[in-house]
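# Architecture and fold: a report
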Amino acid sequence: MIRVLAVGDVMGRPGRLALIKGLERARAEFSPDFVIMNGENVAGGFGITKKLFEELISPTFGIDCITTGNHWMDKKDIYEFRDHPRIVLPANMYNVDEPSRGLRLLETKGGVRIAVMNVIGKVFMKGDNSSPYDMADKMLGLVPSYCKVRILDIHAEATSEKQGLGQYLAGRVSAVYGTHSHVPTIDERIFKKHTGFVTDLGMTGPYDSVIGMDTASAVQRMRTGERKNFEPAKNDLWFYGMLFEINEDSGACSGVQRLRFSIKDS
Ligand SMILES: [Fe+2]
Ligand SMILES: [Fe+2]
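As a starting point, this report considers the structure included with it. These numbers were taken from a predicted model, which means no experiment stands behind them.

Note on placement: T204 falls in the loop between β9 (195–198) and β10 (205–206). Residue class for T204 comes out buried when judged on its relative accessible area of 0%. A polar side-chain atom of T204 sits 3.0 Å from the main-chain amide nitrogen of Y240. Residue contacts for T204: discarding those within four places in its chain leaves V7, G8, D9, V10, M11, G15, A18, L19, W238, F239 and Y240.

Rendered as structure tokens:
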């Protein structure tokens, strides 16, 4: 059995602080074998820089794989490292040229192989994204049969779309989880005794905010359309993620657990 920890959208510098403290506690209490995080907001809320990517996969953070989402290209230096085996782009997004960018084949330190996939939703999402269902099928067709542990991040707004994809992939992947809303859900379960699922991991970052952004400027923007001082909030930091227990021989998930730490408790 291996434990895969998936951490929700890490929001700017406050999110990185919550991440490092949350990981310290998660590692001490649960010893995850492999850590995935969503990094689309890690650079000031918008995208990911090369410097941050390198820091996140270094021993300081020890992240094994970084999935992304609609903000993947907000920082242009992503074009310098988007081929790196530890970064995953949403394969079916309108501006992702190669679907293979949405699938990475990696392994744990103990040598267990893991496929990590990233797709994006169509409902209430910008751009004409192709079907995440068809893309997931296509990517699964590229995963070698010996690689039984298969994890998919569905980056989407609509809860129904995330659950639909989770049910569609039930029995075929080890875990499906949602990202993007920055709002955690408490509906974790296991479909067909095989596929661990949660609608949204939630955000790792400042919860005294509007989905991570500074409250006053977010409210002002929504009321008036004016975009001023639009940056991550700073207070009430939380680490949010899910721990999936997976049998490496069958790929079946036998346990899904919510990890939710206030960093004041770390
Ligand atoms: Fe996000
Ligand atoms: Fe997003």
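Next comes the rest of the write-up.
Attention now moves to the pattern of salt bridges. The tally for this structure, following the rule as stated, stands at 12 salt bridges. We note a salt bridge from K109 to D64, for which the minimum N-O separation is 3.4 Å. Taken as a pair, K109 in the loop between β4 (103–107) and β5 (113–120) and D64 in the loop between α2 (50–57) and β3 (65–67) lie far apart in primary sequence, 45 residues in all. A relative accessible area of 75% places K109 in the exposed class. Classification of D64 as buried rests on a relative accessible area of 7%. Linking D83 and R101 is a salt bridge whose minimum nitrogen-to-oxygen distance equals 2.6 Å. One end of the pair, D83, is in the loop between α3 (78–81) and β4; the other, R101, is in the loop between α3 and β4, and 18 residues separate them in sequence. Relative accessible area serves as the criterion here: at 10%, R101 is assigned to the buried category.

The rules behind these values
Residues numbered from 1 in each chain as written. Chains lettered and ligands numbered in written order. Predicted model: local features only at pLDDT ≥ 70, side-chain atom pairs only at ≥ 80, totals over all residues. Heavy atoms only, no water. Helix = DSSP H or I, 4+ residues; strand = E, 2+ residues; numbered from the N terminus. Buried < 20%, exposed > 50% of the residue type's maximum accessible area, 1.4 Å probe, protein only. Polar contact = N/O pair within 3.5 Å; in protein donor to acceptor, adjacent residues only side chain to side chain. Contact = heavy atoms within 4.5 Å. Salt bridge = Lys/Arg side-chain N within 4 Å of Asp/Glu carboxyl O.

Geometric values such as these leave the question of function open.
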